[in-house]
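Here are the chains, one letter per residue:
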Amino acid sequence: MELGGDEKRIQALFSELSFENQSRAPQFEHLWTRAQANDTGARHPGRPVAVLVSLLVTAAACSLVVWTWYTSIPNSNSVIQPVTLEARYTPTPVKAEQPRKRHIARRRHVERSIAIEAALLSNWQSPTQQFMSSPTDLALGSLPTLNQSVKDLESFLSKNSEIMKESNQ
Amino acid sequence: MEISELKAELEKLHTASFGWALSCCRQNRSEAEEVLQTVYLKILQGKALYRGESKLQTWLFAVIRKTAISERRKQLLRSLSPIVSPGADGSEIESDFERSEMQRRFQEALAQLPARQRETLHLVFYQDLSLSEAAEVMNVSVGSARRHYERGKKRLREALDREGVDYGVGWRRKENSGAVL
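Residues numbered from 1 in each chain as written. Chains lettered and ligands numbered in written order. Predicted model: local features only at pLDDT ≥ 70, side-chain atom pairs only at ≥ 80, totals over all residues.

Asker: Go over the overall build of chain B with me, naming the residues and quoting the values.
Answerer: Helix and strand counts for chain B come out as eight helices and zero strands. Mapped from its N terminus to its C terminus, chain B presents α and β elements in the order α-α-α-α-α-α-α-α. Expressed as a percentage of its 181 residues, the buried residues of chain B come to 36%. For chain B, restricting intrachain contacts to residue pairs at least 6 apart in sequence, the fraction spanning at least 24 positions comes to 66%. (Helix = DSSP H or I, 4+ residues; strand = E, 2+ residues; numbered from the N terminus. Buried ≥ 20, exposed ≤ 12 C-beta atoms within 10 Å, placed from the backbone. Contact = placed C-beta atoms within 7 Å.)

Given below as structure tokens:
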């Protein structure tokens, strides 16, 4: 494809541009040495930073996974636990930052109230207790001794047999 | 290719590379220097590796073009961010060369063209590459490069007419004006 008239003119303009650029081009050695300096300067500090960043990201991801796994497991302690009296009156865990004295005082107060309540419970009597008592309680509540009953029966039978003999004669 | 050998070849192509870098950076000299230095750095680090599958010039020009595009993208991102670095707002897009009036108008006419058309015209008319070589540099098909070439030529002619560039007078004809393809 031969260049036409317009193309030759366009090429002439580009040639002039090329001529101007050639005189203003920077030195090759200048750019090459700058690139070499950047190469040695930038290569070494870049890698440890990249390694550190990747390590941090990995650690963060691992901790996130562990935390998610830990929170997803149901707490085994919360499955059916008998509520003891002590446990009932044990105060809810106080915040760590609260002073220790306050914690001890509250605990003593709770222990004192437990002791009072225990004493009241031991002396408690039902208001219907009197209806449960009866005059025959003593007889019903005691059992005769077995040997005594046998002896009584023998004496009774021997008396009865003598009386029967006398009446027959 | 050994690095010393490659360096010697790059030195031979340095002026042409700078011209191409200028074209990719819209005639901004400092930006073109930065791009060319980044290209040399890529070659030194082995990020840009010449395998001898094509001409060294087309390979180098393709690397320069890609680097210029990526640098332009970075600049655009920087200009969008709240902290604007000096010179990143496009105020230095204009060339800092003192050109003749005709060259200035020619540059303005070129700047009106789409990037692909401007690049094709530069590679063909400035760098004396064939259309297939230009297509290789731009990573497009030869047919596509030809379309960019034809449309670019037409639009440049119209733009030059509008700018009133009398490009038939006072120009230095290049000796090597052979076939394009």
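Next, the rest of the story.
Asker: Could you give an account of the packing of helix α2 (residues 14-24) of chain B against helix α3 (residues 29-45) of chain B, with specific residues and numbers?
Answerer: All names here are of chain B. It is at 8 Å that the axes of α2 and α3 come closest, and there the two elements cross at 120°. As far as their axial angle goes, α3 and α2 are oblique. When the axes of α2 and α3 are compared, the crossing they make is right-handed. Taken together, the residues of α3 that come into contact with α2 (itself represented by S17, F18, A21, L22 and C24) are R29, A32, V35 and L36. Residue composition of the contact of α2 with α3, grouped by class: seven nonpolar, one polar and one charged. (Axes fitted to C-alpha atoms, helices over the stretch in contact; angles between N-to-C directions. Parallel < 35°, antiparallel > 145°, perpendicular 65-115°, else oblique. Left-handed = near helix turned anticlockwise from the far one by under 90°. Nonpolar A, V, L, I, M, F, W, Y, C, P; charged D, E, K, R; others polar.)

Asker: Summarise the confidence of the model for chain B; cite the residues concerned and give the values.
Answerer: Residues and elements named next belong to chain B. Looking at chain B as a whole, its pLDDT mean stands at 82, while 80% of the residues score no less than 70. This model gives residues 84-94 a pLDDT under 50, and the stretch forms 13 contacts once residues within four places in sequence are excluded. Across residues 169-181, where pLDDT falls below 50, the model places 27 contacts with residues more than four positions away in sequence or in other chains. Across the interface, the model reports ipTM at 0.76; the global pTM reads 0.55. (pLDDT = per-residue confidence, 0-100.)

Asker: Before we move on, can you summarise the environment of L121(B) with the specific residues and values?
Answerer: All names here are of chain B. Turning to its location among the elements, L121 is positioned in helix α6 (residues 115-126). The exposure class assigned to L121 is buried, which follows from the 25 C-beta atoms found within 10 Å. When the C-alpha atoms of L121 and L131 are compared, they prove to be 9.6 Å apart, with ten residues separating the residues in sequence. The residues touching L121, leaving out its near neighbours within four places in the chain, are Y149, G152, K153 and L156.

Asker: Outline α3(B), listing residues and values.
Answerer: One full turn of an α-helix is made of 3.6 residues, so residues set three or four places apart face in the same direction. All names here are of chain B. With 17 residues, α3 should reach 24 Å at 1.5 Å per residue; the first-to-last C-alpha distance of 24 Å fits that figure. Inspection of α3 places E31, A32, V35, L36, Q37, T38, V39, Y40, L41 and I43 among the buried residues, and these make up the whole buried set. Positive backbone phi, approximately 80°, marks G46, located one or two places after α3. (Expected span 1.5 Å × (residues − 1).)

Asker: Can you explain the nonpolar core? Please cite residues and give values.
Answerer: Membership of the largest hydrophobic core comes to 46 residues, with the highest contact counts inside it found for A21(B), V35(B), L36(B), I64(B), V124(B) and A134(B). Sort the elements by how many residues they give to this core and α3(B) lands first, with seven residues. (Core = buried A, V, L, I, M, F, W, Y, C linked by C-beta atoms within 7 Å.)

Asker: Could you give an account of unusual backbone geometry, with specific residues and numbers?
Answerer: Residues and elements named next belong to chain B. The backbone of R26 shows a phi angle near 50°, a positive value even though the residue is not glycine. Residue placement: R26 occurs in the loop between α2 and α3. Not every positive phi belongs to a glycine, and Q27 is a case in point at roughly 65°. Topologically, Q27 is positioned in the loop between α2 and α3. Judged by C-beta crowding, with 20 C-beta atoms within 10 Å, Q27 ranks as buried.

Asker: Which residues make up helix α4 (residues 56-80) of chain B, and what values do they have?
Answerer: All names here are of chain B. Relative to the 36 Å expected for 25 residues at 1.5 Å per residue, α4 spans 36 Å between its end C-alpha atoms, a close match to the ideal helical length. Of all the positions in α4, only T58, L60, F61, V63, I64, R65, T67 and A68 are classed as buried. In this fold, the buried residues of α4 make contact with α2, α3 and α7 (131-138).

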